[in-house]
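Observations on the model geometry
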Amino acid sequence: MKVKVLSRNPDQYLRETKRDIPKIPRNYDPVQHPFEAAREYVRAVNTAKLDRLFAKPFIGSLDGHREGVQTLLCHPQSLSTLISGSYDGEIRLWSLTERKCLKAVQAHRGMVRSLCFNVTGSHLFSVGDDQNINQWNIDNFDEPVSTIPSKSSLFAIDHHYNEAKFATGGEAVEIWDEDRSHPIRSFSWGADSIQALKFNRVETNILASCAADRSIVLHDIRQAEPLRKVVLKMRSNALCWNPMEAFLFTVANEDYNCYSFDMRKLGTPVMVYMDHVSAVLDLDYSPTGREFVTASYDKTIRIFPADKGRSREIYHTKRMQRVTTVKYSRDDKYVVSGSDEMNIRLWKAHASQKLGYLEPRESAASRYNEKLKDKYGHHPQVKRILRHRHLPKHVYNAKKQNDESRFSQKRKEGNRRAHSKPGAVPFVPERKKVTLQEQE
Amino acid sequence: MDTRRTDMRDGRPFQGKDRRPFVSKKPVRYFDAPSDAVGHTVKESHVYTRKKKAFDSTADFVAFDDDTTTTVQRKQKHIDRRKPQDEPEVDLINDVPAERNRDRRLNDVPGVPKEKLKKFNRGKALDANGLRTHFHKKLLRQREKKIQFSKRQAARTEILHAEASGFLEVEDALEDTARVTQKDLAKTVDIQSQAKNFDLQLNDFGPYGFQYTRNGRYLMLFGKQGHVATMDWITKKLMCEFHVQESIACGQWLHQETMMALGQKQWVNIYDSKGVELHCIKKLFQVLTMDFLPYHFLLATGSERGYLSWLDISVGQMVSQFNTKNGRLAVMKKNPSNAVMHLGHSNGTVSLWSPNVPEPLVKFLSHHTAVRALDIDASGRYMATTGNDRRVKIWDLRKYQTVQELDVFQSPVSMDFSQTALLAIGMDKNVQVYKDVGLTQAPQLYMQHYVKNGLRHVEFCPYEDVLGCGFSEGFSSLLIPGSGEAHFDAIETNPFQSKRQRQEMEVHSLLEKIPSELIGLDPSQIGQIHQPSLQETLEQKARTLFVNVPKVEFTPKYKALGGSAGWTKRKETVREEKKRQQIKQAIAERKKLIETMADEDEEAEVPANSDRPKSVFDRFIKKKINA
């Protein structure tokens, strides 16, 4: 007869001293872990609740401007450096880590319209309502290095990604060499004034601009003529290229929506982003290209996933007025917004993310929680909690009104269709309704 | 005592360091159980050697069945075998793409035998072919790979298990384990185990019931006549002892050893570990039997008057209380895998209850006499029931059919499954332990023991090779080798937990308390997609096919035009219009439904001019419905 009785040596299961980590023997046999799915689900619900509980996106505000903030610019190399330009022509240099203004200079007479850095980030270009293009040394901010007077008023400026060229937008799109006082090239295609323009960061000679005549025009700066143009129903206020998918760009439109276009086929937008209840004034992509942030006249900031038509996040405060400009930080962690009431606000890009150093266990837990949210995000209970956002009253009411009017139009169209000859009132997808015409 | 098992890992080379592509002699891996100690040889298919494909970075580890195959054949086999079980793409633990880890993994991961993987099976893989987009197909395949990988990883952690399970085995055919007495056993085992075999003489307040905590560390004894004692039974340290001055029908540890519930003469009382009464629950009257659902924090009770109740002890609220309408409820056990309560009734039926349905989920006749005892094994697959007919039946709970039956010579009063699926049957003076329960061969009498008389309760101690039995004159702790699970998971239950760990565990388990709404026959239902049942689809069809137009309520706001006559007329017009619309809509829906039904039936239809000769059975083929 052979016999063995289970007899555990406590030394194998107890820690030797109190400074040791407790011993945790594991047995992954499913029988020892009943209710696997149900427990995971409960964990997912808890995670969703904690996610909303810890959602404190507002970090702080930078005050100092004496007029509304018109434009913001992040430094291409230094994460903590931010430049802002305001309605009264002042440019300020901020340190985001200290949340302090390092320098303030009266740059233009009238509004500072737009800012851009040169390739290395050592010099700053600004355009203002005084029709000047000023070049500033970032280390010595007191006097402009050079001032180039322009013949017409300028609204936008952007620098080439790797060459010493920049483009301005006013009555026409003009390409400048940093060393010359006259534009090397000028494009115009019927537009009276260019509102925004941006160089592509990958195909570096491609430039897109939005004009006040509701058109979006693509240029190749090596060519004499613009490439192609699309006219939308309403005007686009701002434009941003997707940094990862270089053929995509997104515009912020006056009709409350944003539209993503494929530059190869401008006829229909590839994506329509709805949620704002007033004109969208500015937008900026995150460096990952997965998301972008928008600023709107409805006093809110929203963050949209690039592949979804609805926003995942809305930021607002009681005091924040019309948000004129917004930027995503280069490390994908923060969002900076400038608004009418002279403040610059710093937000977290992920409202409930813990900032600073994370213990390995903490980061493992947060990754696990992310996965749980992903896995159980479709359960009604989890979904409801994760989606819930408090809206300001005016946004809530405006949203209701907009929905109502959209529904009513739809109903009307349905009625018309029901009482017409079959095919006489066709179904037109939302994406097709936006563009009026594409020109080559 | 045979010590070969305990030191079986000593001196074995770790095969993961072996870098030879082919090993000429049969390698014995660190992972495998030694053949000599178990008594059966290691099958050759278990033996895995490492072989790296020269041209492929995703080289796998090969199992080859016999050494007679040539190298070419082996290579062929290798390629064939690799197809179904690919290397996973993502390292779950580090959550990084596998490419980065692949080389490291290749160098130290030994193969895992299929037998070992079986336990961790997560069911059949979903078929990606049904998906419409390539993107989602890819997602699904990646997910499946992760599942496979985690399965392998889980199986591999068994290397780390420090203990080996107990056993009692015969060496020749003349020996019989059932004849081994506790005295014999106590002589042969080590001192620590000897101390686990003890008797408590408690003559005054019996017969005694008892219960072990979930981690097997603490024991609660309660005499029918009011005596209660709790102790750390391994160190024999008494925690508290008191007398409730009332009869006690049943007792139950709650989530931890800090709280216990006693079903006294009238109400259920809750005490702490010092014996201080914390609550008297007057909603639970004359309770005869109790069980606790630790993951739901529910105390389930069955009463003298036939009421089945679930009390949430974390918030103190009654979740449900049903009258089972089956007389007194003295036989009740929880199914540990799905938290459904199993009740045995005096008319021989067994019924399964969840707190969400006021009727039994399942009810079946198990004996022609009253059910005396029942228990469900840890996996939730098998249930043992017994009645006054002195017959023990083992039920497969997946089919609700008996798989085994055995007769005993007295009518049993108590039954218990151990963690390793041994079945203890307690009769008046005798305790019998059976093995091989639920397997294809008949259950074997493994061990037995006699007590004086008046046996009331038998229960295996979790994570120990110990069976407790409470009877009229006290309590006996018996050694049953191989009855306890050797490896506990300290995240779930920990016999060696410190006070701090206990407190942590309490908080965590409260945070993860499963809502009682999720209790049902299938515990994994929450993770599944709802597919409407046949009944639901039929009801839906009936709703669309035969529409009762609901009454339309409409009252015009003003009587303006045409006075009251015009008012009535307008009312009538609007009503008629709405009715017409609804009927129109219903007809359209019906038409659509019929079309889809016809499409489904088309496959079954035989074309009129088919080559097949006409058959008399053609009349049963469905004809196309004309919409």
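Residues numbered from 1 in each chain as written. Chains lettered and ligands numbered in written order. Predicted model: local features only at pLDDT ≥ 70, side-chain atom pairs only at ≥ 80, totals over all residues. Heavy atoms only, no water.

1. Let's talk about the overall build of chain A
In terms of helices and strands, chain A carries four helices and 30 strands. If you line up chain A on its principal axes, its C-alpha atoms span 105 × 70 × 45 Å. With 440 residues in all, chain A has 50% of them scored as buried. Measuring between centres, the 71 positive side-chain charges of chain A sit 10 Å from its 54 negative side-chain charges. (Helix = DSSP H or I, 4+ residues; strand = E, 2+ residues; numbered from the N terminus. Buried < 20%, exposed > 50% of the residue type's maximum accessible area, 1.4 Å probe, protein only. Lys, Arg positive; Asp, Glu negative; His and termini not counted. Charge placed at Lys NZ, Arg CZ, Asp CG, Glu CD.)

2. What about the interface of chain A and chain B?
Contacts between chain A and chain B engage 37 residues on the former and 70 residues on the latter. For the pair chain A and chain B, the summed buried area comes to about 4,800 Å², and 57% of that belongs to carbon and sulfur atoms. For the chain A face of the interface with chain B, the top three residues by lost area are Met1, Lys2 and Lys4 of chain A, together amounting to 19%. For the pair chain A and chain B, the interface holds six salt bridges. For Arg8 of chain A, the salt bridge is made with Glu464 of chain B, and the minimal N-O distance between the two is 4.0 Å. Taken together, the connections running from chain A to chain B amount to 28 residue pairs in polar contact (both at pLDDT 80 or more). Secondary-structure elements contributing two or more residues to the side of chain A that touches chain B are strand E1 (2-4), helix H1 (36-53) and helix H2 (360-376) of chain A. Considering every element that reaches the side of chain A that touches chain B, the biggest residue donor is H1 of chain A, with eight residues. Of the residues assigned to the side of chain A that touches chain B, the class counts are 19 nonpolar, eight polar and 10 charged. (Contact = heavy atoms within 4.5 Å. Buried area = accessible area lost by both parts, 1.4 Å probe. Salt bridge = Lys/Arg side-chain N within 4 Å of Asp/Glu carboxyl O. Polar contact = N/O pair within 3.5 Å; in protein donor to acceptor, adjacent residues only side chain to side chain. Nonpolar A, V, L, I, M, F, W, Y, C, P; charged D, E, K, R; others polar.)

3. Section: the packing of H1 of chain A against helix H3 (residues 380-387) of chain A
All names here are of chain A. One way to put it is that H1 packs onto H3 with a least axis distance of 9 Å and a crossing angle of 10°. On the basis of their axis angle, the class for H1 and H3 is roughly parallel. Every residue of H3 that contacts H1 at Tyr41, Ala44, Val45, Ala48, Lys49, Asp51 and Arg52 is listed here: Gln381, Val382, Ile385 and Leu386. Residues belonging to the contact of H1 with H3 are distributed by class as follows: seven nonpolar, one polar and three charged. (Axes fitted to C-alpha atoms, helices over the stretch in contact; angles between N-to-C directions. Parallel < 35°, antiparallel > 145°, perpendicular 65-115°, else oblique.)

4. Section: the UniProt feature "domain: Sof1-like protein" (unreviewed entry) in chain A
Per the UniProt entry, the sites bearing "domain: Sof1-like protein" (unreviewed entry) are residues 349-434 of chain A in this numbering. With 59% helix and 0% strand, the stretch residues 349-434 of chain A has end C-alpha atoms that lie 29 Å from each other. (UniProt positions renumbered as here; feature names shortened; annotations may be inferred.)

5. Section: the UniProt feature "domain: BING4 C-terminal" (unreviewed entry) in chain B
Taking the numbering used here, the UniProt-annotated feature "domain: BING4 C-terminal" (unreviewed entry) corresponds to residues 445-523 of chain B. When the span residues 445-523 of chain B is considered, its composition is 16% helix and 28% strand, and the gap between its end C-alpha atoms is 33 Å.

6. Quick notes on the sheet that holds strand E10 (residues 237-243) of chain B
All names here are of chain B. Pairing in this open sheet of four strands is antiparallel, and the strands run E7-E8-E9-E10 from one edge to the other. On the outer flanks of this sheet lie strand E7 (208-212) and E10, each paired with one strand and no other. Recorded for the sheet is a direction-independent mean angle of 15° between the axes of neighbouring strands. Here five bridges tie strand E8 (residues 218-223) to strand E9 (residues 227-232), and the two strands are oriented antiparallel to one another. Considered in E9, the bridge of Leu221 is made with Ala229. (Pairing = 2+ DSSP bridges.)

7. What to know about unusual backbone geometry
Residue Pro207 of chain B follows Gly206 of chain B across a cis peptide bond; omega there is -5°. Of note in the backbone geometry, Phe35 of chain A takes a positive phi value of approximately 55° without being a glycine. A positive phi angle is found at Lys236 of chain B, which is not glycine, with a value near 60°. In this structure, Lys236 of chain B sits in the loop between E9 and E10. The exposure class of Lys236 of chain B is partly exposed, given its relative accessible area of 38%.

8. A few points about a nonpolar patch on the surface
All names here are of chain A. A cluster of nonpolar side chains, Leu50, Leu53 and Phe54, forms an exposed patch at the surface whose accessible area comes to about 310 Å². Along the chain, Phe54 turns up in the loop between H1 and strand E2 (58-63). Of the residues examined, Phe54 reaches a relative accessible area of 49% and is grouped as partly exposed. (Patch = residues over 30% accessible without salt bridge, like charges linked within 9 Å, V, L, I, M, F, W, Y side chains within 5 Å. Areas by Shrake-Rupley, 256 points an atom, 1.4 Å probe, with all protein chains shown as cover.)

9. Describing the packing of aromatic side chains
Overall, the coordinates contain 29 aromatic pairs over all chains when judged by the stated rule. When the centroid spacing of 5.4 Å and the interplanar angle of 20° are considered together, the rings of Phe292 of chain A and Phe304 of chain A count as stacked. Of this pair, Phe292 of chain A sits in strand E24 (residues 291-296) while Phe304 of chain A sits in strand E25 (residues 301-305), and the two are 12 residues apart along the sequence. Geometrically, the ring pair formed by Phe242 of chain B and Tyr271 of chain B is tilted, given 5.0 Å between the ring centres and 45° between the ring planes. Note that Phe242 of chain B is positioned in strand E10 and Tyr271 of chain B in strand E13 (residues 267-272), a separation of 29 residues in sequence. The same class applies to Phe242 of chain B as to Tyr271 of chain B, namely buried. Through successive ring pairs, a cluster of aromatic residues spans Phe198, Phe210, Tyr212, Trp233 and Phe475 of chain B. Between Arg264 of chain A and the ring centre of Phe247 of chain A, over which it is positioned, the NZ or CZ distance is 4.4 Å. (Phe/Tyr/Trp six-rings, centres within 6.5 Å; stacked < 30°, edge-to-face > 60°. Lys NZ or Arg CZ within 6 Å of the ring centre and 35° of its normal.)

10. Some thoughts on the sheet that holds strand E21 (residues 349-353) of chain B
The strands making up a sheet associate through hydrogen bonds between their backbones, and the pairing can be parallel or antiparallel. Residue and element names in this part refer to chain B. Across the sheet, four strands lie side by side as E19-E20-E21-E22; this open sheet has antiparallel pairing. Since the sheet does not close on itself, it has two edges, and those belong to strand E19 (331-334) and strand E22 (362-365), each with one partner. Each strand axis lies, on average, 15° off the axis of its neighbour in the sheet, ignoring direction. Examined bridge by bridge, E21 and E22 share four bridges and lie antiparallel to one another. Bridging from a neighbouring strand, Leu352 pairs with Val362 of E22.

11. Concerning the UniProt feature "repeat: WD" (unreviewed entry) in chain A
The UniProt feature table records "repeat: WD" (unreviewed entry) at residues 62-104, 105-146, 273-314 and 316-357 of chain A. Secondary structure content for residues 105-146 of chain A is 0% helix and 50% strand, while the C-alpha to C-alpha distance between its ends is 15 Å.

12. Concerning the pairing of strand E12 (residues 259-264) of chain B
Put simply, side chains in a regular strand alternate between the two faces of the sheet. Residue and element names in this part refer to chain B. Of all six residues that make up E12, six are buried, and the element is covered over most of its length. Of the two faces of E12, the one lined by Met259, Ala261 and Gly263 and the one lined by Met260, Leu262 and Gln264 are each fully buried. In textbook terms, the turn of a hairpin is the stretch between consecutive antiparallel strands, and for strand E11 (residues 248-253) and E12 this stretch comprises five residues. With five bridges connecting them, E12 and E13 associate as antiparallel partners. Looking at the pairing, Met260 lines up with Tyr271 of E13.

13. Quick word on the packing of H1 of chain A against H2 of chain A
All names here are of chain A. It is at 9 Å that the axes of H1 and H2 come closest, and there the two elements cross at 110°. Considering their axes alone, H1 and H2 lie roughly perpendicular with respect to each other. Residue-level contacts link Ala37, Glu40, Tyr41, Arg43, Ala44, Thr47 and Asp51 of H1 to Tyr368, Asn369, Leu372, Lys373, Lys375 and Tyr376 of H2. Considering only residue class, the contact of H1 with H2 consists of six nonpolar, two polar and five charged.

14. Regarding the pattern of salt bridges
Residue and element names in this part refer to chain A. In this structure the tally under the stated criterion is 44 salt bridges over all chains. Notably, a salt bridge pairs Glu313 with Arg389, separated by 2.6 Å at the nearest N-O pair. A residue pair is termed long-range when its members are at least 10 positions apart, and Glu313 in strand E26 (residues 313-315) and Arg389 in the loop between H3 and helix H4 (393-418) qualify at 76 residues. It is possible to trace a salt-bridge network through shared partners that takes in Asp275, Arg302, Arg310 and Lys399.

15. Comments concerning helix H8 (residues 499-511) of chain B
Residues and elements named next belong to chain B. For H8, which comprises 13 residues, the first-to-last C-alpha distance of 19 Å matches the rise-based estimate of 18 Å (1.5 Å per residue) to within 8%. What H8 keeps buried is the set Gln501, Arg502 and Met505. What you see down the axis of H8 is that its buried residues fit within an arc of 100°, all on one side. Projecting away from the buried face of H8 at angles above 90 degrees are the exposed residues Lys499, Arg500 and Leu511. (Expected span 1.5 Å × (residues − 1). Arc of directions from axis to C-beta.)

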